[in-house]
Amino acid sequence: MNTVWNARLSRRSLLASAVAAGLVSAVGVVTAVGATQAQVNSAPPGVVPALQQWSGGTGQLVLSAASRVVVPAGASAGLKDLAGQVAADVAEMTSLRPSVVTGTAAAGDISLKVDPAADFGAAKPELKSEAYRLTVGTNVEIVGGSDKGTYYGSRSLLQALISSPDRSSLPVGTAVDYPDYAVRGFMLDVGRRFFTPQYIQAQLRWMGWLKMNTLQIHLNDNGFASHYDNDYSKTPAAFRLASTNPAFAGLAATDGSYSRADWDGFEATAAKNAVTIIPEIDSPAHALAFIHFKPELGLDGGKSDHLDLSKPATTDFMKSVFAEFAPWFRGPTIHIGADEYPASLAGEYKTYFNTMAAYVRSLGKSVNAWGSLTQMSGGGAGYDKNVVINSWNNSWYSPKAAIADGYKVINSNDGLLYVVPFANYYHGQGLDGSYIFNSWAPNIFGGTNDLPAQDPDLLGAMPAVWNDQTWATYTELQVHGLIEKSFAALAQKMWSPTAGGTDYASFLLKVATVGQGPGTGYLPDTITLNRTPGDLAYGRLATASSAESSALGAANAVDGFDATRWASGYSDNQWLQVDLGSSRTFTSVRLNWEGAYGKDYDIRTSGDGTTWTTVAQRRGRTGAGQDTLTFPAATGRYVRMQGITRGTTFGYSLYSFEVIGGDLAQGRTATASSTETANFPAANAVDGNDTTRWASAYTNNQWLKVDLGSALTITSVTLNWENAYGKDYDIQTSNDGTTWTTVAQRRGLTGAGQDTLTFPSATGRYVRMQGVTRGTSYGYSLYSFQIRA
């Protein structure tokens with residue numbers, strides 16, 4: 001995250017300068033002095049999803065050790081709980097430790113309020129409960145339309161804090177924010193693959209962080225019998241709720257299930273993070289877990305994953321399941337599944353659909369179902385209309401057909417929003433975040449099925465992860481890696497399809513900065529500016545023979561984000577090349593292939609972009625993921641991946657194309673004991689440009705230090721001295737930047753130019769040139785300081 005970190009350093013320096021100059025008032029507001037300081041904060045805080053409205057003031061509010069979280073007298077229990085949560089979250093994510101008090105906010109405090117009658121701008125009346133106003137002046141005031149709205153305001157506050165250079169300052173101004181859609185959801189199939197309670201808890205917190213409000217948990221399902229010799233008795237199936245009622249002993253899956261205490265924990269965490277859980281108990285198809293439990297209820301003598309609806313006992317049993325578990329569920333809605341049943345049994349299906357919908361409502365719950373009525377019955381005539389439909393497939397039941405039949409719909413379109421982890425269908429490598437950000441919105445269903453933006457019968461959207469491949473070996477954290485590629489983009493487009501702008505790279509920088517939020521440490525955070533040490537291609541000019549779309553251009557392969565990608569046209573012999581800016585030496589390339597991988601390809605280099613030399617080949621690659629090719633040192637300004645044969649019917653698609661040189665220091669953060677002038681900073685020694693330089697003050701014992709980002713093993717350094725060279729100096733390493741070990745020494749150097757020191761392998765995060773004696777009456781001056789593995 002060097003780009004973000006360097007930006008933070010410069011902003012921190014500005015704030016420190018303001019403090020030193022006395023521009024920070026006693027209440028912690030950086031005041032404007034003179035025309036240059038009085039600039040309005042026109043850019044809104046970089047929160048995700050982006051704010052709907054922002055009116056910038058001047059200056060910054062700096063929170064301090066004295067800052068408190070304040071609720072008014074008479075505040076509800078929910079608001080008081082939220083105040084404690086906000087204080088804990090601030091303490092987790094910053095160095096501040098605010099107390100919680102009741103009363104009137106003072107300067108520098110954080111005030112939380114609820115006012116349903118407040119002005120929330122253009123918020124829809126039905127969504128005002130989730131709207132909020134965030135005002136930063138002499139203190140912070142968050143006013144929500146309900147506890148949920150205030151909670152969302154607190155997420156924006158926290159994100160703005162951790163995006164600031166000191167993690168304690170906020171731009172003065174006012175935000176008014178609200179969602180455009182009521183349902184901002186995600187569905188997780190735990191029926192086919194168990195996800196631990198720890199995962200579910202972290203997922204709920206992450207969703208709240210991104211202002212997503214609905215988690216549907218698909219609680220039962222089964223594998224494909226075709227993968228198990230068409231033997232349904234051998235086909236894995238699971239129901240994931242474990243009741244202590246003897247009537248259901250043996251129904252819960254033995255490879256993982258949730259107790260009542262587990263579920264209560266989910267509901268409690270969901271409530272704290274403004275998320276509603278929709279439990280899904282799927283029938284009459286996908287019902288093999290119930291058939292394993294009661295084989296007599298299965299269609300075709302149990303040789304099916306469909307329930308036999310001709311038997312009254314089948315409906316009675318399913319009623320008993322809903323009756324048993326409905327008291328566990330605190331949310332207002334239960335999903336009854338109801339997809340992919342044989343159309344030849346449409347009459348029995350319709351009776352069952354209507355019976356179960358009415359029965360679940362009699363338990364005090366509203367009802368959702370998967371859209372299947374076009375395939376089942378040619379439409380919704382005669383079906384219970386008091387049901388919300390997930391429109392998952394345009395042929396099974398399109399959104400337009402469902403709305404014409406009188407239903408409200410949620411966009412769960414399979415072609416656009418389904419992920420089947422690591423499969424060769426339904427986005428097996430995860431949804432494309434750049435496509436979601438640039439081309440999708442909740443009203444987009446594909447083809448002629450798109451709805452008008454914010455159609456009153458469109459409630460929102462719910463992408464889904466289906467773990468079809470019960471035989472595959474992958475972990476819940478690997479699934480999270482697939483989800484994370486597009487999750488923030490989905491959150492943005494479900495909150496507001498337009499407020500996030502059109503610059504996906506800038507959006508990802510915000511995502512990388514705000515992270516996944518408090519309490520999500522279990523989930524690996526992969527949306528980072530992820531530069532491999534020594535990558536010469538990062539940020540360089542990339543071009544390609546073709547691009548599938550403007551959103552999938554060549555630059556995506558060298559932007560440092562493995563959440564963006566280049567994709568070519570759908571033919572063999574496509575290429576991607578990078579201009580390194582000057583002739584460079586490198587020893588390997590690392591390609592991270594999306595699902596549309598290259599089966600056969602060459603790595604080529606060129607000095608002029610016209611005449612090419614092949615330095616490495618790959619033949620017979622069989623799948624997506626990282627591929628590293630190492631070869632004898634090659635030199636060139638241009639490096640190309642020349643595709644020969646595609647691995648799929650699509651084109652070539654790369655998340656990243658890295659050219660690994662020997663210099664681990666290039667582009668890393670460099671600091672120094674001194675600089676001669678501002679024109680010769682330490683960063684010049686690691687910028688890859690031998691026409692710029694670092695120069696120290698005119699004394700001995702000056703140093704230059706490079707932070708490699710993590711502990712790495714090194715074996716040599718090369719210093720390119722300007723005329724003000726070092727006569728005597730040491731090369732030192734450190735893991736903490738404080739305790740140093742000398743790994744090499746130079747004594748008696750007699751002039752400028754390159755000096756290479758080789759030594760036994762040494763490990764450290766920090767590497768330093770520690771000057772001992774200057775070679776001239778000037779200081780020390782380096783065009784470059786290169787560090788090699």
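This write-up is about the structure you can find in this document. Sequence positions are assigned chain by chain, starting from 1 and proceeding in written order. For a predicted model such as this one, the threshold for reporting local features is a pLDDT of at least 70, and the threshold for listing and counting side-chain atom pairs is 80 or more; totals across whole chains, interfaces and linings nevertheless cover every residue. In computing side-chain values, all of the structure's heavy atoms are included and hydrogens and water are not.

### Digging into the packing of helix 5 (residues 197-209) against helix 6 (residues 260-272)
In step 1: It is the contact of helix 5 with helix 6, at a shortest axis distance of 9 Å, that shows an interaxial angle of 15°. The angle between helix 5 and helix 6 places the two elements in the roughly parallel class. The hand of the helix 5/helix 6 crossing is right-handed. Seen from helix 5, the contacting residues are P197, I200, Q201, L204 and R205; seen from helix 6, they are D262, G265, F266, T269 and A270.
In step 2: Amino acids outside the nonpolar list (Ala, Val, Leu, Ile, Met, Phe, Trp, Tyr, Cys, Pro) and the charged list (Asp, Glu, Lys, Arg) are all regarded as polar, and Gly is one of them. Of the residues assigned to the contact of helix 5 with helix 6, the class counts are five nonpolar, three polar and two charged. In this analysis, axes come from line fits to C-alpha atoms, helices being fitted only over the stretch in contact, and the angle between any two N-to-C directions falls in the range 0 to 180 degrees. Helix and strand definitions here come from DSSP, where helices need a minimum of 4 consecutive H or I residues and strands a minimum of 2 consecutive E residues; each element is numbered from the N-terminal end. Reported orientations rely on four angle classes, namely roughly parallel under 35 degrees, roughly antiparallel over 145, roughly perpendicular from 65 to 115, and oblique for the rest. Rotating anticlockwise by less than a right angle from the far helix to the near helix defines a left-handed crossing, while the corresponding clockwise rotation defines a right-handed one. We call two residues in contact whenever any of their non-hydrogen atoms come within 4.5 Å of each other.

### Observations regarding the pairing of strand 15 (residues 366-370)
In step 1: Burial here depends on accessible area, computed with a 1.4 Å probe over protein chains only, as a share of the maximum for the residue type. Under 20% is buried, over 50% is exposed, and the range in between is partly exposed. For strand 15, the buried fraction is high: four of the five residues fall into the buried class.
In step 2: The pairing criterion for strands is at least two bridges between them, as found by DSSP. Examined bridge by bridge, strand 14 (residues 333-337) and strand 15 share three bridges and lie parallel to one another. Looking across to strand 15, one finds that H335 is bridged to N368.
In step 3: The crossover handedness rule: strands pointing away from the viewer, path from first strand over the helix to second strand clockwise, crossover right-handed. Each parallel crossover has a hand, and the one from strand 14 via helix 9 (residues 346-362) to strand 15 is right-handed.
In step 4: Note: strand 15 against strand 16 (residues 388-391), three bridges, orientation parallel. The residue bridging W370 from the neighbouring strand is N390, located in strand 16.

### With respect to helix 9
In step 1: Multiplying 1.5 Å by the helix residue count minus one yields the expected span of that helix. Here helix 9 contains 17 residues, and its C-alpha end-to-end distance of 24 Å stays within 8% of the 24 Å for a straight helix at 1.5 Å per residue.
In step 2: What helix 9 keeps buried is the set A346, Y349, Y352, F353, M356, A357 and V360. One side of helix 9 carries all its buried residues, which in axial view fall inside an arc of 125°. In this structure, helix 9 carries G347 and S362 as exposed residues pointing more than 90 degrees from its buried face.
In step 3: Those residues of helix 9 that are buried are in contact with strand 13 (276-283), helix 8 (312-325), strand 14, strand 15 and helix 10 (373-377).
In step 4: Positioned one or two residues after helix 9, G364 has a phi angle of 90°, which is positive. This arc corresponds to the set of directions leading from the helix axis out to the C-beta atoms.

### Notes on the pairing of strand 16
For a regular strand, the rule is simple: side chains alternate between the two faces of the sheet.
In step 1: Alternating residues of strand 16 divide into V388 and N390 and I389 and S391, and every residue in both groups is buried.
In step 2: Pairing analysis gives four bridges linking strand 16 to strand 17 (residues 408-411), with the strands arranged parallel. From the neighbouring strand, S391 faces strand 17, where its bridge partner is N411.

### Here we look at the nonpolar core
In step 1: What makes a nonpolar core is a set of buried Ala, Val, Leu, Ile, Met, Phe, Trp, Tyr and Cys residues whose side-chain atoms join them at distances within 4.5 Å. With 151 residues, the main nonpolar core has L112, V140, I200 and F290 as its most contacted residues.
In step 2: The element contributing the most residues to this core is helix 15 (residues 476-495), with 10 residues.
In step 3: The next biggest cluster of nonpolar side chains, apart from the first, holds 29 residues, and it includes L664, A665, Y725 and A762.

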